[in-house]
Amino acid sequence: MYRILALIDPPVRVVWRRFGIGNVVELEVPSRSTGARRRRLVGILASAGEWYVGHPNGDVGWTRDLRAARAATIRWPDGTEISFGARQLPPGDERERAIRATGQHPFPGNLLYRLGRRQVRAVGVYFKLEPR
């Protein structure tokens, strides 16, 4: 599914910039290997006044980059951006709150996360975003 999303990224970005798509924001983080700025659309999760991002299937390129950089910029469709520090969440209550917040994703993401909750808990990688 994520490969399909990558293929349709350009038209999705057009819609995102014009109208927004639920909790979707653009995450910009430096590549751990080249330092080049990489951008990815992700869902930002809010729980207990905190913000989180993550990937349900474990590490992927952008999560490895975020872990290495420990910082990112989040951009909303209207162009507003905020720089954050990022800290990977270890197993525990806060990570569980972030995982439960995946219901905030737009359909069908919210349904898929709910159906795969056991898998997400087992291998998902989540980060707390701390405004700088």
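The structure under discussion appears in the preceding block.
Okay, so let's go over this structure. (Residues numbered from 1 in each chain as written. Predicted model: local features only at pLDDT ≥ 70, side-chain atom pairs only at ≥ 80, totals over all residues. Heavy atoms only, no water.)

1. Points about the pattern of salt bridges
Any two side chains of opposite charge can pair, on the condition that their charged atoms come close. Counted according to the given criterion, the structure contains 16 salt bridges. In this structure, Glu50 engages Lys128 in a salt bridge whose closest nitrogen and oxygen atoms are separated by 3.7 Å. Of this pair, Glu50 sits in strand 4 (residues 50–55) while Lys128 sits in strand 7 (residues 125–131), and the two are 78 residues apart along the sequence. Given the relative accessible area of 12%, Lys128 is considered buried. Note that Arg75 and Glu81 form a salt bridge whose closest N and O atoms lie 2.9 Å from each other. Within this structure, Asp9, Arg13, Glu26, Glu28, Arg37, Arg39, Arg75 and Glu81 form a network of salt bridges that share partners. (Salt bridge = Lys/Arg side-chain N within 4 Å of Asp/Glu carboxyl O. Helix = DSSP H or I, 4+ residues; strand = E, 2+ residues; numbered from the N terminus. Buried < 20%, exposed > 50% of the residue type's maximum accessible area, 1.4 Å probe, protein only.)

2. Some points on helix 3 (residues 61–69)
All buried positions along helix 3 are accounted for by Trp62, Thr63, Asp65 and Leu66. The buried residues of helix 3 occupy an angular sector of 160 degrees when projected down its axis, which confines them to one face. Contact partners of the buried residues in helix 3: strand 1 (24–30), strand 2 (37–43), strand 4, strand 5 (71–75), strand 6 (81–88) and strand 7. Following helix 3 by one or two positions, Arg70 adopts a phi angle in the positive range, close to 55 degrees. (Arc of directions from axis to C-beta. Contact = heavy atoms within 4.5 Å.)

3. Side note on the nonpolar core
Val53, Leu66, Ile74 and Leu129 are the most contacted members of the largest nonpolar core, which has 15 residues in total. Residue assignment for this core shows that the elements contributing at least two residues are strand 1, helix 3, strand 5, strand 6 and strand 7. Those residues within four positions of Leu129 in sequence are excluded, and the remaining contacts are Ile44, Trp51, Val53, Ile74, Phe84, Gly85 and Ala86. Ranked by size, the runner-up nonpolar core spans nine residues in total, among them Leu45, Tyr52, Leu89 and Val120. (Core = buried A, V, L, I, M, F, W, Y, C linked by side-chain atoms within 4.5 Å.)

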